[in-house]
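Observations on chain architecture
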Amino acid sequence: MTQVIQELAKGLNMDMDSQAFCKTMDERDSLRRFRDEFSIPLKKDVAGDNLQGDGEEPSVYMCGNSLGLMPLRTRDLVMQEFDSILYALTIDNSRGVEAHWDHPYNRPWATVDEVVKGMMAELVGMYNMHQSIFCIFYANISDDRLPIGALPIEVTTMNTLTGNVHALLSAFYRPTVERTKIIIEKKAFPSDFYAVAAQIKLHDLDPESCLITIAPREGEDALRTEDILDTISMHGSTTAVIMLSGVQYYTGQFFEIEKITAYGHEQGCVVGWDLAHAVGNVPLQLHDWNVDFAAWCSYKYLNSSPGGIAGLFVHEKHANDQRPRLQGWWGNRKEDRFEMKEEFNPTPGASGYQLSNPSVITTICLLGSLQVFHEAGFANLREKSVHLTAYLEALATHVLAPHAANYNIITPTNPDHRGCQLSFTFEHGKMMDVMHGLQSNGVICDERKPTCIRIAPTPLYNTYNDVYNAVHILKKVMDQVYGSQ
Ligand SMILES: *Cc1c(COP(=O)(O)O)cnc(C)c1O
């Protein structure tokens with residue numbers, strides 16, 4: 001992919017390592033107006049006490065993998081919501097709860113999750129194809145106030161991510177005499193690890209024997225698909241659930257979800273995915289890939305604000321199965337939810353896993369972000385993302401050549417096997433010095449101890465100029481930390 005960038009620069013008769021090249025690339029970027037949807041923090045606000053250079057300049061915010069910037073419009077939407085709450089509670093006092101049904105901005109609280117569901121589903125890839133089926137399922141509640149007019153049955157928003165992982169495992173991890181195991185990555189995000197171990201213990205089983213982990217080979221960082229498949233072969237007949245991450249949080253590796261899911265199914269396993277670092281970052285086709293279940297958070301690439309409401313996917317083929325699950329009134333069919341019956345009658349599909357009435361404010365925060373994604377178009381974003389990350393890789397390799405011995409990029413080089421994040425590793429003991437240097441110079445990325453710095457140019461608000469600045473500041477900082485080479 002770095003070659004593509006070099007050829008682009010050659011075609012423009014420009015040096016890839018120049019601000020003129022970045023300027024041209026940014027001018028040609030059809031998505032450039034979306035940067036104005038965000039307020040980029042100024043360097044003086046993020047660099048801390050050791051600020052270097054002009055504090056009034058925008059920072060180089062490359063941290064969408066950890067906490068995406070919130071779109072400005074979200075503030076307006078949330079203010080509308082506060083007004084609606086005031087309206088419901090005071091102005092229209094006698095009919096205080098009416099905003100559940102009759103909302104001044106046409107987002108009734110009782111069905112607020114449906115306002116985001118369609119656009120959420122677009123990002124995990126099954127919306128268009130299934131529009132007609134959704135209409136049939138939801139014909140009785142289709143509503144012209146909804147931005148997309150039809151509701152995807154496979155997706156819902158609820159809780160936060162780890163809660164959703166538990167809700168899904170409670171339903172899909174049903175150990176039998178033959179199948180007790182869960183397969184997960186050895187370096188999975190800790191919360192996922194804790195969750196699967198807890199689920200095993202909740203069934204009075206022992207994680208020591210029931211938790212199977214897959215690690216990269218000695219001396220390698222990414223997991224090879226063949227090694228994942230081998231582990232599935234080895235343990236498949238005794239495994240109940242395989243749960244991996246779509247994009248690995250540490251290395252940025254994008255797993256071959258379709259292939260691994262199909263292989264797991266051949267062995268009779270349920271296959272689920274944690275898409276925290278994948279949603280809004282890489283193209284997903286969860287329905288076509290036959291994924292059984294998935295969960296994700298919305299505050300990373302989805303820019304929905306810290307602790308925002310999370311997402312959940314349950315494949316249509318499970319829409320009407322009556323599997324035991326965590327039950328709550330919000331998972332009950334809408335038709336008789338408010339009749340307060342004793343018997344639980346789940347809504348078909350993902351919504352049947354909801355527990356509580358959703359947080360309206362965090363749902364509206366997600367709405368602001370999804371509108372921006374919808375307007376930009378995910379295919380356009382991905383196209384820009386592939387190029388922007390390739391530029392980061394190409395420029396870093398070129399500019400940091402004198403420091404080649406002092407760092408590595410552990411993210412796969414093939415763009416099909418990564419999203420926008422590149423993970424740079426440094427010697428143990430030096431990484432935090434590099435990290436502090438970046439911060440003082442207004443480059444916002446994040447570290448994962450002991451050796452990794454994750455830099456993620458996101459296509460919605462990052463520019464080629466951002467990448468140029470990040471790399472040249474990294475060079476300056478490495479010169480300070482390692483001595484100029
Ligand atoms: C970010 C992340 C989490 C965080 O979980 P929360 O419940 O949202 O706090 C969990 N798992 C993975 C894989 C993540 O990347």
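By the naming in an unreviewed UniProt entry, the protein chain goes by Kynureninase and is assigned to Umbelopsis vinacea. Heading Cofactor (unreviewed entry) of the UniProt record for the protein chain holds this comment: "pyridoxal 5'-phosphate". According to UniProt, the comment filed for the protein chain under the heading Subcellular location (unreviewed entry) is "Cytoplasm".

1. Description of the overall build of the protein chain
Looking only at helices and strands, the protein chain features 15 helices and 13 strands. Computed over its C-alpha atoms, the radius of gyration of the protein chain comes to 23 Å, within 12% of the 23 Å expected for a compact globule of 485 residues. With the principal axes as the frame, the protein chain shows a C-alpha extent of 75 × 60 × 40 Å. For the protein chain, buried positions account for 59% of its 485 residues. Partitioning the contacts of the protein chain with sequence separation of at least 6, the portion at a separation of at least 24 is 71%. Entry remark: accessible area of the protein chain is about 20000 Å², with carbon and sulfur atoms responsible for 50%. For the protein chain, the distance from the average position of its 40 positive side-chain charges to the average position of its 60 negative side-chain charges is 2 Å.

2. Some details on the pairing of strand 3 (residues 181–185)
Looking along a regular strand, one sees the side chains alternate between the two faces of the sheet. The buried count for strand 3 comes to five of five residues, which makes it a mostly enclosed element. Every second residue of strand 3 is oriented toward a common face, with Lys 181, Ile 183 and Glu 185 on one face and Ile 182 and Ile 184 on the other, all of them buried. Sheet topology note: the strand 3/strand 4 (residues 211–214) ladder contains four bridges and is parallel. For Ile 184, the partnering residue across the bridge sits in strand 4 and is Thr 213.

3. Examining the UniProt feature "binding site: pyridoxal 5'-phosphate" (unreviewed entry) in the protein chain
Per the UniProt record, "binding site: pyridoxal 5'-phosphate" (unreviewed entry) is annotated on Leu 161, Thr 162, Phe 189, Pro 190, Ser 191, Asp 192, Ser 245, Asp 274, His 277, Tyr 299, Trp 329 and Asn 357. In summary, the annotated positions, distributed over 197 residues, remain apart in three dimensions as well, the widest C-alpha pair reaching 30.6 Å. With respect to the helices, strands and loops of the structure, Asp 274 is situated in strand 6 (residues 270–274). Once residues lying within four places of it in the same chain are set aside, the contact partners of Asp 274 are Leu 161, Val 165, Asp 192, Leu 244, Ser 245, Gly 246 and Ala 295. Contacts of His 277, omitting those with residues within four sequence positions, involve Asn 65, Val 247, Tyr 249, Lys 300, Tyr 301, Gln 421 and Arg 454.

4. Brief notes about the pattern of salt bridges
Pairs may arise between side chains of opposite charge once their charged atoms sit close together. Under the criterion given, the structure shown has 23 salt bridges. A salt bridge links Glu 393 to Arg 418; the nearest nitrogen and oxygen atoms lie 3.1 Å apart. Placement of the pair is Glu 393 in helix 13 (residues 378–399) and Arg 418 in the loop between strand 9 (407–409) and strand 10 (422–426), with a sequence separation of 25 residues. Residues joined in a network through salt bridges with shared partners are Arg 217, Glu 220, Arg 224, Glu 226 and Asp 227.

5. Some thoughts on the sheet that holds strand 13 (residues 452–455)
Taken together, the four strands give an open sheet; going across it, the order is 9-10-13-12, and neighbouring strands pair in antiparallel fashion. Only two strands of the sheet have a single partner each, and these edge strands are strand 9 and strand 12 (446–448). Strand-to-strand twist in this sheet, taken as the mean axis angle between neighbours without regard to direction, amounts to 30°. Across four bridges, the pairing between strand 10 and strand 13 is antiparallel.

6. Details of the nonpolar core
Met 120, Trp 273, Leu 275, Leu 284, Leu 286, Trp 296 and Leu 460 are the most contacted members of the largest nonpolar core, which has 65 residues in total. Sorting elements by how many residues they give to this core places helix 12 (residues 360–376) first, with nine residues. With near-sequence residues (within four places) excluded, Trp 273 lies in contact with Met 243, Leu 244, Ser 245, Gly 246, Phe 255, Ile 257, Ile 260, Thr 261, Val 291, Phe 293, Ala 294 and Ala 295.

7. Brief notes about the packing of helix 1 (residues 2–11) against helix 13
The geometry of helix 1 relative to helix 13 is characterised by a closest axis approach of 8 Å and an angle of 90° between their N-to-C directions. As summarised for this structure, helix 1 and helix 13 are arranged roughly perpendicular, according to the angle between their axes. Along the contact surface, helix 1 presents Thr 2, Val 4, Ile 5 and Leu 8, while helix 13 presents His 387, Ala 390, Tyr 391, Glu 393 and Ala 394.

8. What to know about a nonpolar patch on the surface
On the surface, a nonpolar cluster with roughly 460 Å² of combined accessible area is contributed by Trp 101, Trp 329, Phe 338 and Met 340. In this fold, Trp 329 is placed in the loop between strand 8 (310–314) and helix 12. Judged by relative accessible area, Trp 329 falls into the partly exposed class, the value being 37%.

9. What about helix 12?
Helix length check: helix 12, at 17 residues, gives a terminal C-alpha distance of 25 Å against a target of 24 Å (1.5 Å per residue), a fit within 8%. Among the 17 residues of helix 12, 13 are classified as buried, and the element is accordingly described as predominantly covered. Just downstream of helix 12 lies Gly 377, where phi reads positive at about 85°.

10. Focus on the environment of Asp 45
With respect to the helices and strands, the residue Asp 45 is situated in helix 3 (residues 43–46). Overall, Asp 45 belongs to the exposed group, its relative accessible area being 55%. Placed 34 residues apart in sequence, Asp 45 and Gly 11 show a C-alpha to C-alpha distance of 39 Å.

11. Comments concerning the UniProt feature "modified residue: N6-(pyridoxal phosphate)lysine" (unreviewed entry) in the protein chain
UniProt feature "modified residue: N6-(pyridoxal phosphate)lysine" (unreviewed entry): in the numbering of this structure it lies at Lys 300. Residue position: Lys 300 is located in the loop between strand 7 (293–296) and strand 8. Given a relative accessible area of 7%, Lys 300 falls into the buried group. Excluding residues within four positions of it along the chain, Lys 300 makes contact with Gly 64, Asn 65, Ser 66, Leu 67, Gly 68, Ala 276 and His 277.

12. Topic: unusual backbone geometry
Phi is mostly negative for residues that are not glycine, and the peptide bonds are mostly trans. Look at the link from Lys 449 to Pro 450: it is a cis peptide, with omega at 5°. With respect to the helices and strands, Pro 450 occurs in the loop between strand 12 and strand 13. Backbone geometry places Asn 13, a non-glycine residue, at a positive phi of 60°. Positive phi values are uncommon outside glycine, yet Ser 305 reaches one of about 95°. Secondary-structure assignment places Ser 305 in the loop between strand 7 and strand 8.

What counts as what
- Residues numbered from 1 in each chain as written.
- Predicted model: local features only at pLDDT ≥ 70, side-chain atom pairs only at ≥ 80, totals over all residues.
- Heavy atoms only, no water.
- UniProt positions renumbered as here; feature names shortened; annotations may be inferred.
- Helix = DSSP H or I, 4+ residues; strand = E, 2+ residues; numbered from the N terminus.
- Rg over C-alpha atoms; globule rule 2.2 N^0.38 Å.
- Buried < 20%, exposed > 50% of the residue type's maximum accessible area, 1.4 Å probe, protein only.
- Contact = heavy atoms within 4.5 Å.
- Areas by Shrake-Rupley, 256 points an atom, 1.4 Å probe, with all protein chains shown as cover.
- Lys, Arg positive; Asp, Glu negative; His and termini not counted.
- Charge placed at Lys NZ, Arg CZ, Asp CG, Glu CD.
- Pairing = 2+ DSSP bridges.
- Salt bridge = Lys/Arg side-chain N within 4 Å of Asp/Glu carboxyl O.
- Axes fitted to C-alpha atoms, helices over the stretch in contact; angles between N-to-C directions.
- Core = buried A, V, L, I, M, F, W, Y, C linked by side-chain atoms within 4.5 Å.
- Parallel < 35°, antiparallel > 145°, perpendicular 65-115°, else oblique.
- Patch = residues over 30% accessible without salt bridge, like charges linked within 9 Å, V, L, I, M, F, W, Y side chains within 5 Å.
- Expected span 1.5 Å × (residues − 1).

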